[in-house]
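# Survey of secondary and tertiary structure
Listed below, chain by chain, are the residues.
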Amino acid sequence: MPTNEKEINCYLFDQLSILERIEMITDDPKVLKQIELERMQINRKLYQNPPLTEN
């Protein structure tokens, strides 16, 4: 389990990287649409205010 915000952000960036790799190998519109939805959810967590954890 992540213990600090930096570690949580690293996991979220890893998830974005995975989505980018999947996006490069598919042309299926349904998959691309789902990737975009997942990306929006990850970005919402990544750039939320206030941060996920408080100091």
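Before reading further, recall that the structure is shown in the block above.
Residues numbered from 1 in each chain as written. Predicted model: local features only at pLDDT ≥ 70, side-chain atom pairs only at ≥ 80, totals over all residues. Heavy atoms only, no water.

## Observations regarding helix 2 (residues 29–46)
Structurally, the α-helix is built with 3.6 residues per turn, so residues lying three or four positions apart point the same way. Quick reminder of the rule: Helix and strand assignments follow DSSP, with helices taken as H or I runs no shorter than four residues and strands as E runs no shorter than two, numbered in order from the N terminus. Helix span, expected: 1.5 Å multiplied by one less than the number of residues in the helix. Here, residues are in contact when the closest pair of their heavy atoms is within 4.5 Å. Think of a polar contact as two N or O atoms within 3.5 Å of one another; within protein, one of them needs to be a possible hydrogen donor and the other a possible acceptor, and neighboring residues in sequence only count if both atoms come from side chains.
When the terminal C-alpha atoms of helix 2 are compared, their 25 Å separation across 18 residues agrees well with the 26 Å that a helix rising 1.5 Å per residue should span. Lining the buried residues of helix 2 we find helix 1 (5–25). The N-cap of helix 2, judged by a side-chain oxygen 3.0 Å from the amide nitrogen of K30 a few residues on, is D28.

## Considering the side chain of R39
Among the structural elements, R39 can be located in helix 2. Residues in contact with R39, not counting those within four places in the same chain, are L16, L19, E20 and E23.

## Side note on helix 1
Under the convention used in this document: Per-residue accessibility, obtained with a 1.4 Å probe over protein chains only, is compared with the maximum for each type, and a residue is labelled buried under 20%, exposed over 50%, and partly exposed between these values. Picture the helix axis, draw a direction to every C-beta atom, and the arc is the one those directions span.
With 21 residues, helix 1 should reach 30 Å at 1.5 Å per residue; the first-to-last C-alpha distance of 31 Å fits that figure. Buried within helix 1 we find I8, N9, L12, L16 and L19. The buried residues of helix 1 occupy one face: seen down the axis, they fall within an arc of 100°. Exposed positions of helix 1 whose direction lies more than 90 degrees from the buried face are K6, R21, M24 and I25. Considering only its buried residues, helix 1 is in contact with helix 2.

## As for the packing of helix 1 against helix 2
We apply this condition: To obtain an axis, a line is fitted to C-alpha atoms, over the contacting stretch when the element is a helix, and the angle between two such axes runs from 0 to 180 degrees between their N-to-C directions. Here the word oblique covers every angle except those under 35 degrees (roughly parallel), over 145 (roughly antiparallel) and from 65 to 115 (roughly perpendicular). What makes a crossing left-handed is the near helix being turned counterclockwise from the far one by less than a right angle; a clockwise turn instead makes it right-handed. Throughout, the ten residues Ala, Val, Leu, Ile, Met, Phe, Trp, Tyr, Cys and Pro are labelled nonpolar, Asp, Glu, Lys and Arg are labelled charged, and all others, Gly among them, are labelled polar.
Here helix 1 crosses helix 2 at 165°, and the two axes come no closer than 10 Å. Relative to helix 2, the element helix 1 is oriented roughly antiparallel. Relative to helix 2, the crossing made by helix 1 is left-handed. For the pair formed by helix 1 and helix 2, the contact residues are N9, L12, F13, Q15, L16, L19, E20, I22 and E23 on the first element and V31, L32, I35, E38, R39, I42, N43, K45 and L46 on the second. Per-class residue counts for the contact of helix 1 with helix 2 are 10 nonpolar, 3 polar and 5 charged.

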